[in-house]
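# Tertiary structure, described
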Amino acid sequence: ELLNGASHADPSTNLQALMEQTKKPSSSAEIVVVISNRPGVLGLKKASMAGIQTRVVDHKLYGSRAEFDGTIDRVLEEFGVEVVCLAGFMRILTGHFVRKWNGKLLNIHPSLLPSFKGVNAQKQALLAGVRLTGCTVHFVVEEVDAGAIIAQEAVPVLVNDTEESLSERIREAEHRTFPAALELVAGGVVRLGEDGRIVWSQLA
Ligand code: 3YE
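What you are looking at is a predicted structure, and each value in this text was computed from that prediction instead of being measured.

### Observations concerning the pairing of strand β5 (residues 132-139)
- Counting buried positions along β5 gives seven out of eight residues, so the element sits mostly inside the fold.
- Across seven bridges, the pairing between β5 and strand β6 (residues 149-156) is antiparallel. The partner of Cys135 across the bridge, within β6, is Glu153.

The structure is reproduced here in structure tokens:
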């Protein structure tokens, strides 16, 4: 683009950041399907415009979490998925599903875990008065936001920050951290050990 010299706009979502990363020839990952629990969202449109297969698994159409997760599991199996990235996905997954995909499920959280687990992590950081927060990509275990940490980026909290301004700064960090963490896992540099701790490849 002529005015700011950048040839591409910054990604506005984690899905878009992951799509841009994985289309690079140097990437170890390929996105084979995008699954949304909400019909009609922009992420589905962005994926299909990029030629990626999409599926909607609407949680409202299922009588239980087990049936919802079971349907997602069947789609993942249908596509031969090896790694799952939870990007903008706000549902708590069942222990059964999480154990089946142990070591293959990645989530991103808008704080430096183990601080500020759960919802409104940015608000929690502002209320706590920390001067640094950030984002964390972790393997998913049944206990929410408690799995082994793959990658983090620190973000300063500025004196006049609002929840919105801080969230935007964290979001920009997320768009670097999630693609980086995916490459570590897809490239075999990082994996989840039997003991639930991160194992770094000797080659790293
Ligand atoms: N499930 C497990 N462990 C994890 N899902 C996510 C991470 C993660 C996981 O580490 N077992 C808050 C979800 C928090 C919540 O209560 N969600 C509601 C639905 C809210 C909605 O649909 O907007 C619910 O009943 O699940 C992904 C991030 C989860 C964020």
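### Some words on the site of the ligand
- Taken together, 18 residues are adjacent to the ligand, and Arg65, Met90, Arg91, Ile92 and Val141 come closest.
- Glu142 places a polar main-chain atom, nitrogen or oxygen, 2.9 Å from a nitrogen atom of the ligand.
- Expressed as a share of its isolated accessible area of 680 Å², the protein-covered part of the ligand is 80%.

### Here we look at the packing of aromatic side chains
- According to the stated counting rule, one finds three aromatic pairs in the structure shown.
- Members of the aromatic cluster, joined through ring pairs, are Tyr62, Phe68 and Phe89.

Parameters and conventions
Residues numbered from 1 in each chain as written. Predicted model: local features only at pLDDT ≥ 70, side-chain atom pairs only at ≥ 80, totals over all residues. Heavy atoms only, no water. Buried < 20%, exposed > 50% of the residue type's maximum accessible area, 1.4 Å probe, protein only. Helix = DSSP H or I, 4+ residues; strand = E, 2+ residues; numbered from the N terminus. Pairing = 2+ DSSP bridges. Near = heavy atom within 4 Å. Polar contact = N/O pair within 3.5 Å; in protein donor to acceptor, adjacent residues only side chain to side chain. Areas by Shrake-Rupley, 256 points an atom, 1.4 Å probe, with all protein chains shown as cover. Phe/Tyr/Trp six-rings, centres within 6.5 Å; stacked < 30°, edge-to-face > 60°.

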